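# Summary of structural features
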Protein chains: 2
Amino acid sequence: MTSAVARARTPSTAALREIQSLIKDRLEDVVVEMRRVVSAELPLIEQVSGHLLQMRGKMFRPTLALLASETAEQPESRVVTLAAVLELMHLASLVHDDSVDHSAMRRGLPTVNSLFSHQVSVIMGDFLYSRALEALVALGDLDLMRVLTSVSTQLTIGEMHQLAAVDALAFTEQDYEMLIRAKTASLLSAACETGAMCGASAHREALRLYGERLGMAFQVADDILDYTETASVTGKPSGLDLKEHKVTLPLIIALPRLASADRRTVETLFATDLPSDDQIAEVVSLVAASGGIEHAHRRGEEFAREAEDALDGLSDTPARAALADAIVYVMDRRS
Amino acid sequence: MTSAVARARTPSTAALREIQSLIKDRLEDVVVEMRRVVSAELPLIEQVSGHLLQMRGKMFRPTLALLASETAEQPESRVVTLAAVLELMHLASLVHDDSVDHSAMRRGLPTVNSLFSHQVSVIMGDFLYSRALEALVALGDLDLMRVLTSVSTQLTIGEMHQLAAVDALAFTEQDYEMLIRAKTASLLSAACETGAMCGASAHREALRLYGERLGMAFQVADDILDYTETASVTGKPSGLDLKEHKVTLPLIIALPRLASADRRTVETLFATDLPSDDQIAEVVSLVAASGGIEHAHRRGEEFAREAEDALDGLSDTPARAALADAIVYVMDRRS
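Before going into details, it helps to say that this report is about the structure given with it. All values derive from a computational prediction rather than experimental measurement.

Our focus in this paragraph is the relation of the copies chain A and chain B. Aligned on chain B, chain A shows an RMSD of 0.0 Å; the corresponding rotation is 180 degrees and the shift along the axis is 0.0 Å. The transformation relating the two chain copies, once decomposed into turn and shift, fits a two-fold axis.

On to the pattern of salt bridges, then. Residue and element names in this part refer to chain A. One pass over the structure, following the stated rule, counts 42 salt bridges over all chains. E33 is the partner of R36 in a salt bridge, and the nearest nitrogen-oxygen pair spans 2.8 Å. One end of the pair, R36, and the other, E33, are both in helix α2 (residues 24-38), 3 residues apart, so they sit about a helical turn from each other. A salt bridge links R333 to D222; its shortest N-O distance comes to 3.3 Å. You can see R333 sitting in the segment after α16 (318-332) and its partner D222 sitting in helix α10 (residues 204-228), a full 111 residues away along the chain. With a relative accessible area of 8%, R333 lands in the buried category. If you follow the salt bridges from partner to partner, you end up with D143, R146, E193 and R204 in one network.

A separate point is the interface of chain A and chain B. Each side of the interface is counted separately: chain A has 37 residues, and chain B has 37 residues. Carbon and sulfur atoms make up 78% of the surface buried where chain A meets chain B, a total of about 3,500 Å² over both sides. On the surface where chain A and chain B come into contact, there are 0 salt bridges. Listing elements by their share of the side of chain A that touches chain B, those giving two or more residues are α3 (43-54), α5 (79-101), α7 (118-138) and α8 (142-164) of chain A. Residues of the side of chain A that touches chain B, tallied by class, amount to 18 nonpolar, 13 polar and 6 charged.

Attention shifts here to the environment of L42 of chain A. Turning to its location among the elements, L42 of chain A is positioned in the loop between α2 and α3. The contacts of L42 of chain A, once residues within four sequence positions are left out, are M160, H161 and A164 of chain B.

Our focus in this paragraph is the packing of helix α7 (residues 118-138) of chain B against helix α8 (residues 142-164) of chain B. Residues and elements named next belong to chain B. Their axes nearest at 10 Å, the elements α7 and α8 cross at an angle of 165 degrees. Considering the angle they form, α7 stands roughly antiparallel to α8. Where α7 crosses over α8, the handedness of that crossing is right-handed. Contacts between α7 and α8 involve Y129, L133, L136 and V137 from the first element and L144, M145, L148, T149 and S152 from the second. Taken together, the residues of the contact of α7 with α8 break down into 7 nonpolar, 2 polar and no charged.

All names here are of chain A. Turning to its location among the elements, R213 is positioned in helix α10. Overall, the relative accessible area of 19% leaves R213 in the buried class. Contacts of R213, omitting those with residues within four sequence positions, involve R181, F303, E306 and A307.

With that settled, the discussion passes to the state of the cysteines. Going through the model one piece at a time under the given rule, you end up with 0 disulfides over all chains. Here C198 of chain A is not disulfide-linked; the sulfur of C192 of chain A is the nearest cysteine sulfur, at 12 Å.

All names here are of chain A. The end-to-end C-alpha separation of helix α14 (residues 277-289) is 18 Å, in line with the 18 Å expected for 13 residues at 1.5 Å each. Turning to α14, the residues buried within the fold contact α10, α11 (240-243), α12 (249-254), α13 (260-271) and α15 (292-310). Within two residues after α14, G291 carries a phi angle of roughly 85 degrees, on the positive side.

Moving on, we come to unusual backbone geometry. Residues and elements named next belong to chain A. Phi at H102 takes a positive value of approximately 55 degrees, unusual for a residue other than glycine. Within the secondary structure, H102 sits in the loop between α5 and β1 (105-106). Given a relative accessible area of 56%, H102 falls into the exposed group. For H245, which is not glycine, the phi dihedral falls at a positive 60 degrees. Tracing the backbone shows H245 in the loop between α11 and α12.

Let's shift gears to the packing of aromatic side chains. Following the criterion strictly, the structure yields 5 aromatic pairs over all chains and no others. Ring geometry for F60 of chain A versus F218 of chain A: centroids 5.6 Å apart, planes at 15 degrees, classification stacked. Placement of F60 of chain A in helix α4 (residues 60-69) and of F218 of chain A in helix α10 is noted, with a sequence separation of 158 residues between them. Under the relative-accessibility criterion, F60 of chain A is labelled buried at 5%. A centroid spacing of 5.8 Å and a plane angle of 85 degrees characterise the contact between Y129 of chain A and Y129 of chain B, whose relative ring orientation is edge-to-face. One end of the pair, Y129 of chain A, is in helix α7; the other, Y129 of chain B, is in helix α7, on a second chain. Taking relative accessible area as the criterion, Y129 of chain B reaches 12% and is therefore assigned buried. Each residue in the set F60, F218 and Y329 of chain A is aromatic and connected to the rest through ring pairs, giving one cluster.

Take the environment of M55 of chain A next. Residue and element names in this part refer to chain A. Summarising the element assignment, M55 is placed in the loop between α3 and α4. Exposure remark for M55: the relative accessible area of 5% places this residue in the buried category. In this structure the C-alpha to C-alpha distance between M55 and N113, which are 58 residues apart in sequence, comes to 14 Å. Contacts of M55, omitting those with residues within four sequence positions, involve R106, R107, L109, P110 and T111.

Analysis parameters
- Residues numbered from 1 in each chain as written.
- Chains lettered and ligands numbered in written order.
- Predicted model: local features only at pLDDT ≥ 70, side-chain atom pairs only at ≥ 80, totals over all residues.
- Heavy atoms only, no water.
- Least-squares fit on C-alpha atoms with pLDDT ≥ 70 in both.
- Salt bridge = Lys/Arg side-chain N within 4 Å of Asp/Glu carboxyl O.
- Helix = DSSP H or I, 4+ residues; strand = E, 2+ residues; numbered from the N terminus.
- Buried < 20%, exposed > 50% of the residue type's maximum accessible area, 1.4 Å probe, protein only.
- Contact = heavy atoms within 4.5 Å.
- Buried area = accessible area lost by both parts, 1.4 Å probe.
- Nonpolar A, V, L, I, M, F, W, Y, C, P; charged D, E, K, R; others polar.
- Axes fitted to C-alpha atoms, helices over the stretch in contact; angles between N-to-C directions.
- Parallel < 35°, antiparallel > 145°, perpendicular 65-115°, else oblique.
- Left-handed = near helix turned anticlockwise from the far one by under 90°.
- Disulfide = S-S within 2.5 Å.
- Expected span 1.5 Å × (residues − 1).
- Phe/Tyr/Trp six-rings, centres within 6.5 Å; stacked < 30°, edge-to-face > 60°.

Encoded structure:
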């Protein structure tokens, strides 16, 4: 087995643009399809949709669905609509998450709640989701609907778990995995599974599993970045999760390893409404010194290996190679 | 044709309990089904769901669906799940509306946003909707899905129209009808249409039309109530819509009939952030004196007659009689 993870250090193989080169034209069709699905006569809807399509980012979920559909002989053209539905579901959940978190920026652009209003973001999230469903229903495939409505429920249950957390520091590694499976891995997994259902159904289960493990690795990598990235202005760790009192894997691993004085430093940060940059930098150092980041990275690599293993049964197609490269991309991401 | 509208003045025929007596057992099954559909392992979800099921109100949409399914020979048992889905979709949209409007009370109980939080109401609305869809998908009927996902879009477009309104007083009767069709009539219509699809498909189009006209009459009656009800404490008109600067049919009709000084009184109210009870009482008087309430009532009666006419082709069953009584109930409602 060629190790995608071993190739991880070659930056060129991890470039998203290369991963997408195989399905470049179809990806452009997906953007056109997204525009069609959300078009409406109301100027306010057009404005918000326009803003969101600008914000759409890397189209990672459509990329996965398109690649999955190409892992066998006959990719079906309906995968374009499916991919648009996946990205719109993702956007809808981001719009509601930003509204719930009162986030001001996303992907370098103002969020819907900050640019328009909280009201607009609640209803626009509903609109996007509902239009995506209509487009999905039009595909006439109950199996696709089954997978995707179940994912929606998982996304909301994940969010509710976050809202229900009363004692953040009591969060276990098991809780964390349950949460990132619901919040992140479920949709990446569904993107791969439903993509496979559009022309490569023999690989449906393998690609579902691949997507789930990829999603776990993706979220772990994201959570590590929050500890290792430095904000360009302050030069200190950005530590956004800590600022918002979110407990992720590096801290979960570090906590039981900390001396009681150091644990109190963490507790103080979590008891402070607006922790200072210095407080955050100190906790980041404690987590790093205890091996929390390193251990989290190893856990991420395990998920990445499981994702790679899931591809074992697939024949050697360019799409399979691109999916293997997507693992590298996820692990190497710097933003 | 027996006139349900003519019978409107006999209070006993308008009692919801009597309309529901035919389908009483099934309505209890619907509540059980709703509980099943929203059950979850997370205590916070159980708490919010429990609160919402208490708040569920009159189950008017399930009632319509169950009755519609009984207008021919063979009502199908899956109508129970369908009716639960309809009520959950309705609850989900109420939860988001209350969050958007910052409403504190609904049906005599605190709203989810006031009892829990804004965050919980956004995500719980998503959860309810998403679980309702899963239950709908499990019925395995793409036609039902087509009708209900289209309704969801209409509900959100209606809400977006309200959020987009910049000059409330420029709202025309046409705008108003478009809005209440999207916000209210669409779901009542879908309840009747999809109910018919569960055992009385020959009446699908007739019942769709009946439900739409009933829904229009329902909302007009609701909007009139806001002008005619008096708050028990102050003895003055409650005028909640005016307080929130919402323009409904009585005011739309009155505006062009007002002398310019009186119009300025209305404009002043709409330019005041928190209008006083006296301001509201004055505008209510102006609207009443100009015939706005009376004319709106006549418009409501037109919709009611159209709803009645739509039942013409149905054979004389107890369900048909109950649907005719539902028109009376809608027109006679005092709360």
